[in-house]
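Chain and residue survey
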Amino acid sequence: MSLTPFTKQQLLPQEEKLEIYRHKSELFIGIPKETSYQERRICLTPDAVNSLTSHGHKVMIESGAGLSSSYTDKEFSDAGATITKDTKKVFSCPMILKVEPLTMEEIALVNTGAIVISAIQLKTRKKEYFEALSKKKVTALAFEYIKDEDGSYPAVKSLSEIAGTASVLIAAELMINNEFGKGLLLGNITGVPPTDVVILGAGTVGEFAAKTALGLGASVKVFDNSITKLRRLQNNLNQRIFTSTIQPKSLLKALRRCDVAIGAMRGKDRCPVVVTETMVEHMKKGAVIVDVSIDTGGCFETSEVTTHESPTFIKNNIIHYCVPNIPSRYSKTASLSISNIITPYLLQIAEDGGIESAIRCNKGLKNGVYLYHGILTNKAIGDWFNLPDNDINLIVF
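Residues numbered from 1 in each chain as written. Predicted model: local features only at pLDDT ≥ 70, side-chain atom pairs only at ≥ 80, totals over all residues. Heavy atoms only, no water.

**Digging into the sheet that holds strand β14 (residues 369–372)**
- The 8 strands are arranged β3-β2-β1-β4-β5-β6-β14-β15 in an open sheet whose pairing can be described as mixed. Only two strands of the sheet have a single neighbouring strand rather than two, namely β3 (82–84) and β15 (375–376).
- Judged from the 2 bridges that link them, strand β6 (residues 139–142) and β14 form a sheet pairing that is antiparallel. Bridging from a neighbouring strand, Ala 140 pairs with Leu 371 of β14.
- Helix α12 (residues 331–351) contacts β1 (28–31), β4 (95–97) and β5 (115–118) of the sheet and is inclined by roughly 175 degrees relative to β4. (Pairing = 2+ DSSP bridges. Helix = DSSP H or I, 4+ residues; strand = E, 2+ residues; numbered from the N terminus. Contact = heavy atoms within 4.5 Å. Axes fitted to C-alpha atoms, helices over the stretch in contact; angles between N-to-C directions.)

Set out below in structure tokens:
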């Protein structure tokens, strides 16, 4: 008989052991008031709170958290949420939902082992943020990293849709006859040549900017270095528009003639600067630049970050609008959008019996996890901040 490392007992057929399915769990969600500058959104609308509470979950909301998105405490309380003025109480909930990342003071209030779901805004984070969360053994998910079944990022996509649509509407406002505007109407009026709009980038922001500009009757030109993206944009618009790869000569020609230029480029770490200061100098006096990609550095050389309070500045006779957080201006729409994306995931987490089993069952949700019980599980963050990271697939399977 050949040698074998198994005993005779082990070689006999064994009875199969099946995984014991977790029972549904109850969620207890805390929604604190946003404290960061210019943040007007909230993660859950009263309707979303209602659907959670009717499933038997608890939601605690800090008083006034929804006011800047035009939701009153009464609406939330009618939907079944508990309203409190005690910030500490909200942060002591086992699950925290927030639009902006937590501040260091807020991390101090969080209970050990809590679950935090928020945006991460990697470019504005510091190493201490991850270390503090890690110390608290927090499991943290980022909106930006949560994937859909088709591999797209739903939260990023829907906020890009808002930013794209808004960029054209903002430009339309800036062109009216104030101290500096040209007094142009962004529309197709019989017998009047249409307004010229140049869009840099053919991603979601570019696509929705193009849709809105075309809807208002403008003439649109889109530049992007990816032919695939340009082709997809053409197909999604259901009509042929001017598309081109980014070549200095043709770009300069388009910028010289345009009334509005919209920057919607994306880069890996920083957005590429496509339009130099010299190109901007050649543009028409009183033209409008809306740089949507300012949150990753901007794609016009002349762009500088501005705020919702004073959103524009004039440089080389061109009006620049460079507010990083455009969706916050349309806080109710943005809140509805975030809420619609996040609510099904919350119900899924409860259905699966807690975050542990949920990320085991749902790959897209697992992709959203960047800290698991205090262990950093995102390679990009690990590389960026020089922190040790582990592959989540080796921890949860």
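**Description of the layout of surface pockets**
- Its boundaries defined by the atoms lining it, the second largest pocket holds a volume of some 170 Å³.
- What lines the second largest pocket is a set of 14 residues, among which Leu 27, Pro 94, Met 95, Ile 115 and Ile 355 lie closest to the centre.
- The residue makeup of the lining of the second largest pocket, split by class, is 7 nonpolar, 5 polar and 2 charged. (1 Å grid on protein atoms, 1.4 Å probe; cavity = no way out; pocket = protein on both sides within 12 Å on 5 of 7 lines; lining within 4 Å. Points joined across faces, edges and corners; volume = space filled by probe spheres on them. Nonpolar A, V, L, I, M, F, W, Y, C, P; charged D, E, K, R; others polar.)

**Remarks on the pattern of salt bridges**
- Per the counting criterion, the structure on display carries 11 salt bridges.
- Notably, a salt bridge pairs Glu 173 with Arg 329, separated by 3.1 Å at the nearest N-O pair. Of this pair, Glu 173 sits in helix α7 (residues 154–174) while Arg 329 sits in the loop between β13 (318–321) and α12, and the two are 156 residues apart along the sequence.
- Residues Lys 182 and Asp 259 are paired through a salt bridge, measuring 3.0 Å at the closest nitrogen-oxygen approach. A residue pair is termed long-range when its members are at least 10 positions apart, and Lys 182 in the loop between α7 and β7 (196–200) and Asp 259 in the loop between α10 (248–257) and β10 (260–263) qualify at 77 residues. (Salt bridge = Lys/Arg side-chain N within 4 Å of Asp/Glu carboxyl O.)

This is a description of form; function is not addressed.
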